[in-house]
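# Structural description and commentary
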Amino acid sequence: MTSGSSSIPVGRPVDGTGHPPVPVPFGAPMMAHAGAAGDRPVDRELRRLLREGTFAQVLDYALNHRGLSLERVQYHLAAQGVRVSRAALSYWRHGRSRPERAESLRAVRGLEALLGLPAASLVSRLGPPRPRGRCRKAEPDAIDRRRLWPAHRPLLAAMGAPSDDRIRKLDVHEYVRVGEDHRLSSLRTRMVFEASADRVDRCVVLLWAEESAAAVPSDVKFCRVGRVRADDATGATVCELLLEQRLAAGERSVVEFTSHFPPGPELTFYHHRFTRPIRQYVLQTEFAGRLPVSCVPFRQAGVHAPRHIGAPLWIGASGTAHLVVTDSGPGIVGMSWEWD
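Anyway, here's the lowdown on the structure attached to this text. (Residues numbered from 1 in each chain as written. Predicted model: local features only at pLDDT ≥ 70, side-chain atom pairs only at ≥ 80, totals over all residues. Heavy atoms only, no water.)

## Observations regarding helix 4 (residues 86-93)
Stated precisely, the cut-off is as follows: The rule is simple: take the accessible area with a 1.4 Å probe, protein chains only, and divide by the maximum for that residue type; under 20% is buried, over 50% is exposed, in between is partly exposed. Going along the chain from the N terminus, every DSSP run of H or I of four or more residues is numbered as a helix, and every run of E of two or more is numbered as a strand. When checking whether two residues touch, look at their non-hydrogen atoms; a contact exists if any pair is within 4.5 Å. In protein, a polar contact requires one atom able to donate a hydrogen and another able to accept it; more generally it is a pair of N or O atoms within 3.5 Å, and residues adjacent in sequence count only if both atoms are side-chain atoms.
Among the eight residues that make up helix 4, seven are buried, leaving the element largely enclosed by the rest of the structure. Here the buried face of helix 4 lies against helix 2 (55-66), helix 3 (70-79), helix 5 (102-114) and strand 3 (184-195). Taking the backbone nitrogen of A88 as reference, a side-chain oxygen 3.0 Å away marks S85 as the first, capping residue of helix 4. In the segment just after helix 4, G95 is the residue with positive phi, at about 75 degrees.

So this is what it looks like as structure tokens:
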């Protein structure tokens, strides 16, 4: 039994002392002269990133320290006659693309001045231009959705589903309940995500039920069900969830829904398929009645790749096994169990 789709909202960034940084005026240098006690933590961290970090890491750190939204950055750059979209800024910040064109490089130099960074400190982190055209490689750290969900290809094509690179999953929490008959009783999913482009108003959820008719999400919160395509022969479902608010690049939202699966075979595993890296995935599986004799987590690089088994999971007095994965790359993450 599997599911899939397509940052956790965080507080103000903190410096090395554990306290929120003091707001810094636009254009003021981020690295002040060291005092008797030496550099401030923010200075030391920035110096380290300027030596060892990537373009995206330096940009993200500087934006967090300044407390600047992408909308404000876009506004200040526009005042300098530099046009750049929030989607592009978000992609640069998260390392999903990098500036290469002349106008983009002008924006980078404007960012250096706006963020109070040393001249050329961002430009120097870009490296040589990447190849374009037919020799251009696919997005790094991503798996094509059609490869990870082969049974869903016809449904995705029939729906004309938007590309799954328009949103970035930050947090997925799934609660699976297995009944006394060892069959799936319910699946509750909560997903936090960030828009990677402007005008994002929906996300796409993919479900698959082994040897069972297709499931349909219901009991939705903070969204409503849009178009649905399902194939009972394969147990595949593609469902649109329409958001309550249209998002600009960098904005975040959350959706919740329950998936009801028709009666199927005895359930012995559950996993989620991720096309891109995720910050946190939480899987809780509750077993009603008799408990499995063993329960283990596993990972797979793809649907046909071998399973890599982890240490056994504890099933507590509540009859629930917990799996928490952070900063995970694309692929398949789940848990499996055995009945005696």
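## Quick word on the packing of helix 3 against helix 5
For clarity, the cut-off: Throughout, an axis means a line fitted to C-alpha atoms (over the contacting stretch in the case of helices), and angles, computed between N-to-C directions, take values from 0 to 180 degrees. These descriptions rest on fixed angle ranges, namely under 35 degrees for roughly parallel, over 145 for roughly antiparallel, 65 to 115 for roughly perpendicular, and the rest for oblique. Gly counts as polar in this scheme, as do all residues outside two lists: the nonpolar Ala, Val, Leu, Ile, Met, Phe, Trp, Tyr, Cys and Pro, and the charged Asp, Glu, Lys and Arg.
Packing of helix 3 against helix 5 brings their axes to within 10 Å, and their N-to-C directions diverge by 105 degrees. Between helix 3 and helix 5, the crossing angle belongs to the class labelled roughly perpendicular. The segment helix 3 lies against helix 5, with V73, H76 and L77 engaging A107, G110, L111 and L114. Classifying every residue of the contact of helix 3 with helix 5 by side-chain character gives five nonpolar, two polar and no charged.

## Some details on the pattern of salt bridges
Our working rule: Any carboxyl oxygen of Asp or Glu that lies within 4 Å of a side-chain nitrogen of Lys or Arg is treated as forming a salt bridge with it.
Enumeration over the complete set of coordinates arrives at 16 salt bridges. E240 is the partner of R202 in a salt bridge, and the nearest nitrogen-oxygen pair spans 3.1 Å. Residue R202 is located in strand 4 (residues 200-208), and its partner E240 is located in strand 7 (residues 236-247); the two are separated by 38 residues in the primary sequence. Using a relative accessible area of 28% as the deciding quantity, one classes R202 as partly exposed. We classify E240 as buried; its relative accessible area is 2%. Among the charged side chains, a network of salt bridges with common partners joins D201, R202, R227, E240 and R246.

## Points about the packing of aromatic side chains
Short version of the rule: Pairs were defined over the aromatic rings of Phe, Tyr and Trp, the Trp ring being its six-membered one, requiring ring centres within 6.5 Å. Orientation was assigned from the angle between planes: stacked under 30 degrees, edge-to-face over 60, tilted for the rest. Counting as a charge over the ring demands two things of the Lys NZ or Arg CZ atom: a distance within 6 Å of the ring centre and an angle within 35 degrees of the ring normal.
Per the counting criterion, the structure on display carries three aromatic pairs. Between F287 and W337, the aromatic rings sit 5.1 Å apart at their centres with planes inclined by 80 degrees, giving edge-to-face as the arrangement. With F287 in strand 10 (residues 278-287) and W337 in strand 14 (residues 331-338), this pair connects stretches of sequence that are 50 residues apart. Classification of F287 as buried rests on a relative accessible area of 4%. Among the aromatic residues, those joined into a cluster by ring pairs are F287, W337 and W339. Taking NZ or CZ as reference, R273 lies 5.6 Å from the ring centre of W208, over its face. The lysine or arginine in question, R307, covers the ring of F298, its NZ or CZ lying 4.0 Å from the ring centre.

## Considering the sheet that holds strand 13 (residues 320-328)
To keep things clear, this is the line we draw: The rule for pairing is simple: two strands pair if DSSP sees at least two bridges between them.
One open sheet holds the six strands; their spatial order is 5-8-3-2-10-13, and the pairing between them is mixed. The open sheet has two edge strands with one neighbour each: strand 5 (216-221) and strand 13. In this sheet, adjacent strand axes meet at a mean angle of 20 degrees when their direction is disregarded. Where strand 2 (residues 167-178) lies against strand 10, eight bridges are found, and the strand directions are parallel. Pairing of Y175 across the sheet is with Q284, part of strand 10.

## Things to note about the environment of P292
Examined against the element boundaries, P292 turns out to sit in the loop between strand 10 and strand 11 (294-300). When its relative accessible area of 9% is taken as the criterion, P292 is described as buried. Placed 44 residues apart in sequence, P292 and S336 show a C-alpha to C-alpha distance of 9.8 Å. In contact with P292, not counting residues within four places along its chain, are F287, I315, W337, E338 and W339.

## Focus: the pairing of strand 9 (residues 269-274)
Most of strand 9 is tucked away, with six of its six residues classed as buried. Across the two faces of strand 9 the burial is the same, with F269, H271 and R273 and Y270, H272 and F274 all buried.

## Focus on unusual backbone geometry
Unusually for a residue other than glycine, A120 sits at a positive phi of about 70 degrees. Structurally, the position occupied by A120 is in the loop between helix 5 and helix 6 (145-148). The residue H182 is not glycine, and still its phi comes out positive at about 70 degrees. Secondary-structure assignment places H182 in the loop between strand 2 and strand 3. Taking the relative accessible area as the measure of exposure, H182 reaches 7% and is therefore buried.

## Some points on the state of the cysteines
Where we set the bar: Only a pair of cysteine sulfur atoms within 2.5 Å qualifies as a disulfide here.
Scanning the entire structure with this criterion turns up zero disulfides. There is no disulfide at C203, and the cysteine sulfur nearest it, in C223, is 6.6 Å away. Using a relative accessible area of 1% as the deciding quantity, one classes C203 as buried.

## Quick word on the pairing of strand 2
Taken together, the 11 bridges between strand 2 and strand 3 define a ladder with antiparallel strand orientation. Considered in strand 3, the bridge of R168 is made with E194. Here strand 2 hands over to strand 3 after five residues, with H182 in that stretch at a positive phi of 70 degrees.

## Considering helix 2
In plain terms, the rule: Every helix has an expected span of 1.5 Å times one less than the residues it contains.
The end-to-end C-alpha distance of helix 2 is 17 Å, a good match for the 16 Å that 12 residues give at a rise of 1.5 Å each. Where burial is concerned, most of helix 2 is hidden: nine out of the 12 residues are buried. Those residues of helix 2 that sit buried are F55, A56, V58, L59, Y61, A62, L63, H65 and R66. Where helix 2 ends, the next residue or the one after it, G67, has phi of about 70 degrees, a positive value.

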